[in-house]
Amino acid sequence: MNIKTLLWTLIALTAGLFTACNNRSEDYTRMLPGSYTVSKTFDAPVEDGMGGTLIINSTDVYNQDGTSSSNGEVIVHYDSADYGRLATLKFNISQTGVWKIENGKLIETTKQCIVVPVNVKADDRDIYREFNNLIGDMAHEFQTDILSDPTDESKIVSFEDGVITLEYNDEDLGIYTITMIKQ
């Protein structure tokens, strides 16, 4: 095969792959609108004496017009190597934004985010007071972090029978997946 033929073959293959990716994105755009249940747990092993678990439960709604909303809760368990579970904090979170699908990726941009501290549970009175004094600042920081970098991009790994698996690459959490189930 000469260089010219090879070049045209590569161009044709690239165009075919681009068209297939665009068709898949169009299919996903048509299939996505609806309400989804999301639940994800992140474990942070105890290091330097502290660790914990972050649990996210939400209902995410994707509208045909490209708008979206999410309402749910974030639960944070703080654990100590010496004392076990120190405290559990609960936050309610509400977000609105916009979404689009490009090149097989779901791109979501948060326009508004409200994080409300709900409660602190701790067996030790001093630990309870400490976390209770911090929970409002933590909610504000959580909200500020979301709004300071409002766009999330996730690869659509699979989308079948109302179940979507998304893959994220986060600088703090690394690569992880989330499964959304259509209600």
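About the thresholds
- Residues numbered from 1 in each chain as written.
- Predicted model: local features only at pLDDT ≥ 70, side-chain atom pairs only at ≥ 80, totals over all residues.
- Heavy atoms only, no water.
- Helix = DSSP H or I, 4+ residues; strand = E, 2+ residues; numbered from the N terminus.
- Buried < 20%, exposed > 50% of the residue type's maximum accessible area, 1.4 Å probe, protein only.
- Contact = heavy atoms within 4.5 Å.
- Salt bridge = Lys/Arg side-chain N within 4 Å of Asp/Glu carboxyl O.

Student: Could you give an account of the overall build of the protein, naming the residues involved and the relevant values?
Tutor: A tally of regular secondary structure across the protein gives two helices and eight strands. Counting from the amino terminus, the protein carries its helices and strands in the arrangement α-β-β-β-β-β-α-β-β-β. The buried share of the protein, taken over its 183 residues, is 33%. Considering only intrachain contacts with a sequence separation of at least 6, the fraction spanning at least 24 residues in the protein is 51%.

Student: Please give an account of the pattern of salt bridges that cites residues and values.
Tutor: When the charged atoms of two side chains with opposite charge come close together, those side chains can pair. This model, assessed by the stated rule, comprises six salt bridges. For the salt bridge of Lys-100 with Glu-102, the shortest nitrogen-to-oxygen distance reads 3.3 Å. For Lys-100, a relative accessible area of 41% puts it in the partly exposed group. Glu-102 gets classed as partly exposed once you look at its relative accessible area, which sits at 38%. The salt bridge partner of Asp-126 is Arg-129, with a shortest N-O separation of 3.1 Å. Pair noted here: Asp-126 and Arg-129 are both in helix 2 (residues 125-148), with a separation of three residues, about one helical turn. A residue is classified by how much of its surface remains accessible, and Asp-126, at 53% relative accessible area, is exposed.

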